[in-house]
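Each chain is listed here by its residues.
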Amino acid sequence: MPNNPFNVIFSKNGLLLIIGIFCTAVIFAAINFSSPIRPSHNVVQDVEHLIDIKKQFSISNILNSSDNIWQQQDLTSLGISNELHWFRFTLKDIDPTKTWLLEIDNAMLDKINLWFVQNNRVIAEYKVGDALIFSQRTVEHENFLFPVPTNGLPVEVFVSTYSQGTMGLPLYIWQQQDYLEFTTKIGLITGGFFGLMLAMGLSNLFFFITTRSPIFLVYAGYVIFLALTLSALQGLGYRYIWPNSPWFQQHAIGIFAPLTVWLSIMFCDLLLNVRAYNTRLSKLLNFTAYAFLIGLVISLFIPLQVFLKPFLLMLCAGSIFILAVSIWLWVKGLAIAQYYTFAWAAFFISGFAVSLDSLNIINLNLPSFYLLMLGAGIETLLLALILAISHNQQRQTLLDTQAELLNKERHAQHAQKGMLALQQNATEDLEYKVQERTLELEIALRELSETNRELQEKNTLDALTGIRNRSYFDKKYQAEVRRSRREQTQLSVVMMDIDHFKRVNDKYGHLVGDECIKSVANTLKKALKRPSDDVCRYGGEEFALILPSTDLEGAMVLVEQLRANIEKTSIQAEDVSVSITISAGIGTAIADLNQPEDIILALADKQLYLAKNAGRNNVQGSQLDLIQQQDQS
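A brief report on the enclosed structure follows. (Residues numbered from 1 in each chain as written. Predicted model: local features only at pLDDT ≥ 70, side-chain atom pairs only at ≥ 80, totals over all residues. Heavy atoms only, no water.)

### What about the sheet that holds strand 16 (residues 619-623)?
Rule in force here: At least two DSSP bridges between two strands are required for those strands to pair. Strands are runs of DSSP state E lasting at least two residues, helices are runs of H or I lasting at least four, and both sets are numbered from the N terminus onward. Working convention: axes come from line fits to C-alpha atoms, limited for helices to the stretch in contact. Angles between N-to-C directions cover 0 to 180 degrees.
Taken together, the five strands give an open sheet; going across it, the order is 11-12-10-15-16, and neighbouring strands pair in mixed fashion. Looking at the sheet topology across the chains shown, the edges are occupied by strand 11 (534-539) and strand 16. Recorded for the sheet is a direction-independent mean angle of 20° between the axes of neighbouring strands. Two elements, strand 11 and strand 12 (residues 542-548), share five bridges in a ladder whose sense is antiparallel.

Take a look at the structure:
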């Protein structure tokens, strides 16, 4: 079916047109909706300002000071300041028949002292701020509200403020009924926004759980931390989530904002697959992301005003960098980068503008929180659309792949039918060849098995003496212990050691010492008659005997005879005659399931040391149950 030209044009440009119209409509609606949010006639006018650099003034000093220390000031933003600020203004024409509220619309102020004064006398005083727990506020609200005394006379208001963040002091005077209507409207906006953010975060978290795709987890974390950052800026987090932790409120921005930027950069890297286009650029994105995590750690140990300026500058630079990356990928031909650029531009531009406003570079008429909320809402919805597009593309790719595989399978089936005829003709010849190869393989396997058996036999022999080595002893000992446990038969283990062997080596040399070891090994090997008995070189001048189905008495007789034979033997080597003796320890027991497997060997080794301590050239032995009875008594 031929492609419709209109559909082709719409597939390329229609979605971008829809996104543009959507963003324009949302911004237009938000500006028109937010314009009456705080009516201009409610703004407190003629506010005078004083910076108390040395923090030397008190309310009594201020009341008695001259008027020339005050100056007019725009209070929407005073930048980031570490000084104590004083403000003075007068409320006139207050209708005493109505209830009035004074609002300070800056939820990030750490300390606020406010005094209502008439006739140079304080008639009401309030102390609030983020440095105090939330329940100590006069009115439990995210912004700072103060009931205005109403007695028909003008009221002079003095405010001292201190903040580690931005020192803005937007002041509004409200009738209580008007403010209730206003908070209802604002509650609807903020509730809808945070509900959207929560829904997007949880839905993508569920997508991660079902798909195990990390991009959904990163995006869910980004949306949640973005919502927490905005809730901290607006004071909603302090009101509803951590109301009893002033410390966390003062560090919330330093914690949530870097996490948000970190996850946004990681999301950019994953969604756009930057690594596939430029590895160095991907590494630079990750480096930038982790720089914000380092900033998070630093923010816990430095004042907010020290952290905030570098962070805002980093945020502006990071925003420009990410937008540049997405535009570059757009130019490179990555279709999804187009939509990504639109989505992130909406939020990054709003964040960039708020950062410049916080640094007192520009002055925004729209409250920064609502601008951020507007940008974040647009960005969140558009990113959800992008994820849907990405999912649809992956689904379409999967369908195309399945169709291609199905077509290949049909061709393969057709070719298979042609091969069946050839296969039938070749079957008899193939079966004959298989039988030949099978016979050859069986012969080869039999020869390989014999060779392997010979190799295993060589690996268990000691190179010097020709008797079994330590590796063989360990396996043989374990097997005999288990057989003793299974059949409930006596097992005797003998540990032997050539007495003063070091002296032989030192006096006659190692070659003579080797001849002594070989002579002892040969004597032991000849003395063992039963096929089940084994002699092994345990290590150095040490030997071990395994005597299955042998009690202690029988083992003592055998080992004592061996000791006597070795004592009588004169070894000729290197033109010298050497006489040696041995010491031996015997451990005998019926292996028990509740005992360690090496307990009989340990008992024989203990008896060997007793023989050495008894003057050497003797045999010591013990039954395991007798030793245990002596230990218990």
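From this point, things continue past the structure.
### Topic: the packing of helix 14 (residues 510-527) against helix 15 (residues 552-568)
Packed helices, taken two at a time, are described by the angle between their axes plus the distance between the axes. Put simply, the rule is: Should an angle fall under 35 degrees it is taken as roughly parallel, and over 145 as roughly antiparallel, whereas 65 to 115 is taken as roughly perpendicular and any remaining angle as oblique. Crossing handedness is defined as follows: a turn of the near helix away from the far one that is anticlockwise and smaller than a right angle gives a left-handed crossing, while the clockwise case is right-handed. Only heavy atoms enter the contact rule, under which two residues are in contact if any of them lie within 4.5 Å.
One can describe the packing of helix 14 onto helix 15 by two numbers: an axis separation of 10 Å at closest approach and a directional angle of 140°. Here helix 14 is positioned oblique relative to helix 15, judged by the angle of their axes. By crossing handedness, the relation of helix 14 to helix 15 is classed as right-handed. Where helix 14 abuts helix 15, its residues Val520, Thr523, Leu524 and Ala527 lie against Leu558, Leu562, Asn565 and Ile566.

### Topic: the sheet that holds strand 9 (residues 171-175)
In spatial order, the strands read 7-4-9; together these three strands make up an open sheet with antiparallel pairing. The open sheet has two edge strands, strand 7 (144-147) and strand 9, and neither has a second partner. Adjacent strand axes in the sheet meet at a mean angle of 25°, parallel and antiparallel pairs treated alike. Pairing of strand 4 (residues 100-104) with strand 9, which is carried by five bridges, proceeds in the antiparallel orientation. Its bridge partner lying in strand 9, Glu103 is registered against Tyr172. Seen against the sheet, helix 3 (residues 176-211) touches strand 4, strand 7 and strand 9 and runs at an angle of roughly 110° to strand 9.

### A short note on the environment of Cys536
Locating Cys536 in the fold gives a position in strand 11. C-alpha separation for the pair Cys536 and Phe473, spaced 63 residues apart in sequence, amounts to 6.2 Å. Look past the residues within four positions of Cys536 in its chain and what remains in contact with it is Ile467, Arg468, Asn469, Tyr472, Phe473, Phe543 and Ala544.

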